[in-house]
Amino acid sequence: MELGIRGKRALVCAASKGLGFGCAEALAAEGVDLLINARSPGPLEAAARDLAGRFGVEVQAVAADITTPEGRGRVLDALGGAVDILVTNAGGPPPGIWTDWQRQDFIDAIDANMLSPVALMQALVPGMMQRGWGRVVNITSMAVKAPIPVLGLSNSARTGLTGFVAGTARQVAERGVTINNLLPGLHDTDRARALDAAAAEAAAIPLEEARRRREAGIPARRYGTAAEFGAMCAFLCSDKAGFIVGQNILLDGGQVNATL
Ligand SMILES: NC(=O)c1ccc[n+]([C@@H]2O[C@H](COP(=O)([O-])OP(=O)(O)OC[C@H]3O[C@@H](n4cnc5c(N)ncnc54)[C@H](OP(=O)(O)O)[C@@H]3O)[C@@H](O)[C@H]2O)c1
């Protein structure tokens with residue numbers, strides 16, 4: 001299927017690895033020029049060279065912490081103009097126990113996983129509305145549909161973002177801009193491997209056993225891949241997806257046990 005976005009320009013945040021990279025790769029494969037971002041310059045520049053080399057698109061790389069105003073400022077300055085597609089993403093909050101989290105832990109999580117995507121949308125969606133076309137995909141988590149006990153900070157912050165998107169998506173759709181959220185379940189990335197390690201330590205079991213137990217809880221009996229995730233992101237960013245507005249789309253191998 002031709003997605004109709006060749007020649008468009010996208011900002012993909014937190015994209016040197018994992019799900020963000022999967023989204024950047026799928027957009028590059030559709031002929032979209034990119035600005036990708038992550039904090040560590042080495043892996044980021046390697047990712048940019050890889051995508052530009054394989055797909056022949058322009059790829060800018062800006063090393064910056066997207067969860068800080070300074071980092072976002074540098075990314076937005078480097079964009080220097082129109083962007084048609086925005087994919088928001090950042091690292092997830094640390095696991096823990098609900099009794100341990102202090103006010104600052106919540107503030108940090110809300111800054112990273114709610115207010116950063118909100119700030120990026122506020123900066124870039126008005127231009128999309130003026131031009132009459134835009135796509136925003138926020139990478140959130142299945143935790144907004146089914147809370148994950150050890151990820152209470154994520155459950156809280158991402159649900160706030162979900163509420164913001166629900167209201168805002170319906171205010172911008174008439175100008176050709178769609179905003180949707182992609183909700184990953186377990187995917188085989190560094191983040192998932194770190195959570196496997198935390199689960200192994202908590203249960204005093206080997207890492208492989210922790211992963212096997214987590215896979216057993218997924219009807220597909222495996223973790224998802226960044227490529228599968230990226231393919232859905234590219235479709236949501238496509239010209240074909242203009243009637244999908246304010247949705248929360250789970251990619252979880254069936255793990256959330258719900259009829260709707
Ligand atoms: N993988 C899963 O199973 C899963 C499930 C549910 C939700 N999620 C959520 O999905 C998001 C992506 O997860 P992932 O598995 O792809 O993680 P990952 O494999 O650890 O990759 C994270 C990427 O984001 C970059 N990054 C992290 N913090 C950043 C920041 N503050 N500013 C800019 N770039 C940043 C990293 O590069 P640098 O470290 O160099 O910055 C890296 O490129 C996270 O919020 C995660 O909580 C993941």
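Higher on the page you've got the structure.
No experiment lies behind these values; they were computed from the predicted model shown.

Asks: I tried to follow the pairing of strand 4 (residues 85–88) on my own but got confused; where do I start?
Replies: Across the two faces of strand 4 the burial is the same, with Ile 85 and Val 87 and Leu 86 and Thr 88 all buried. Bridge analysis of strand 1 (residues 9–12) against strand 4 gives three bridges, and the strand direction is parallel. Bridge pairing in strand 4 places Val 12 opposite Val 87. Across four bridges, strand 4 lies against strand 5 (residues 134–139) in parallel orientation. Looking at the pairing, Leu 86 lines up with Val 136 of strand 5. The handedness of the strand 4 to strand 5 crossover, carried by helix 4 (residues 103–131), is right-handed.

Asks: Whenever I open this one, the site of the ligand confuses me. Can you help?
Replies: Around the ligand there are 29 residues in total, and Ser 16, Leu 19, Arg 39, Ala 90 and Thr 189 lie nearest to it. Ser 16 is positioned such that a nitrogen or oxygen atom in its side chain is 2.6 Å from an oxygen atom of the ligand. When the ligand is considered free in solution it has 880 Å² of accessible area, and contact with the protein chains removes 91% of it. Breaking the shell around the ligand down by element, the ones donating at least two residues are helix 1 (18–29), strand 2 (33–38) and helix 6 (190–203).

The rules behind the values
- Residues numbered from 1 in each chain as written.
- Predicted model: local features only at pLDDT ≥ 70, side-chain atom pairs only at ≥ 80, totals over all residues.
- Heavy atoms only, no water.
- Buried < 20%, exposed > 50% of the residue type's maximum accessible area, 1.4 Å probe, protein only.
- Helix = DSSP H or I, 4+ residues; strand = E, 2+ residues; numbered from the N terminus.
- Pairing = 2+ DSSP bridges.
- Right-handed = clockwise from strand over helix to strand, strands pointing away.
- Near = heavy atom within 4 Å.
- Polar contact = N/O pair within 3.5 Å; in protein donor to acceptor, adjacent residues only side chain to side chain.
- Areas by Shrake-Rupley, 256 points an atom, 1.4 Å probe, with all protein chains shown as cover.

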